[in-house]
Amino acid sequence: MRGKVLFTRGAAKKNIVVKELPEYRYDPDTVRNISVLIQQYSQLIVKDGWQVISQQGVVYARAADRGLKQEAMEAVGGDGSPLSYVQAASCYHHLSDYTRKGSCLSEASILDDTLVRNLDLFKEWSFGQVHRSLNPVFFYDSLLHPVVIFFSHHKEGIETIQKSIHRFERESYALKFQQREWAVQNRGDEFPRYYS
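This report concerns the structure included in the present document.

The rules behind each value
- Residues numbered from 1 in each chain as written.
- Predicted model: local features only at pLDDT ≥ 70, side-chain atom pairs only at ≥ 80, totals over all residues.
- Heavy atoms only, no water.
- Core = buried A, V, L, I, M, F, W, Y, C linked by side-chain atoms within 4.5 Å.
- Buried < 20%, exposed > 50% of the residue type's maximum accessible area, 1.4 Å probe, protein only.
- Helix = DSSP H or I, 4+ residues; strand = E, 2+ residues; numbered from the N terminus.
- Pairing = 2+ DSSP bridges.
- Disulfide = S-S within 2.5 Å.

### So, the nonpolar core
Turning to step 1, where the next piece is worked out: Of all hydrophobic cores here, the largest spans 32 residues; its most connected members are Leu44, Val52, Leu95, Val148, Phe150 and Phe168.
Turning to step 2, where the next piece is worked out: Contributing elements (two or more residues each) for this core: β5 (58-62), α1 (82-96) and β9 (146-154).
Turning to step 3, where the next piece is worked out: Among the elements that make up this core, the one with the highest residue count is α1 (six residues).

Below, the structure is given as structure tokens:
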């Protein structure tokens, strides 16, 4: 793990106000250019000649040659900073909101240590003391791929903490995404269960 940088949850939030955003509406018969969504992140851009398209419940990148690419994040560029990768991970989920499946992670659910302390203070945290930081983290893996990890709090049904791993291509913002349960708290259990 090289170049490790910890962030607060605020780093994953959209930080530029953009007017005339597309509606969150799945319409199977409409092709929509949703490139404007990337403009909400200060460190990201849409690459010249590219577009991000929502069509038939799937989000694509449309290349300058008009060919569709399965990975929408191929249309995204940035300044290569750790912050840009944190924003790109968040943007990936925002774009997923425009698909048939939707996103499994929202900005509001992303944790950091300050939020956990506040939740605990107001007795809304049932996971006890966590012996590691839950801040968003950026680093380079052993093959020099940029990686961003978010921990997120979910209260639907059984209360869980999810670990979301975003592994980017070396020279691109295209990424592979994995999510798994990191901790589970059944209301009837005395102690939460943690996973590695």
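### A look at the sheet that holds β5
Turning to step 1, where the next piece is worked out: The four strands lie next to each other as β2-β4-β5-β6, forming an open sheet whose pairing is antiparallel. Only two strands of the sheet have a single partner each, and these edge strands are β2 (31-33) and β6 (68-69).
Turning to step 2, where the next piece is worked out: For strand β4 (residues 51-55) and β5, the ladder comprises five bridges, and the chain directions are antiparallel. Following the sheet pairing, Gln51 is matched in β5 by Arg62.

### A word on the state of the cysteines
Turning to step 1, where the next piece is worked out: As enumerated under the stated definition, the model contains zero disulfides in all.
Turning to step 2, where the next piece is worked out: Of all cysteine sulfurs, the one in Cys104 lies closest to Cys91, which takes part in no disulfide; the gap is 15 Å.

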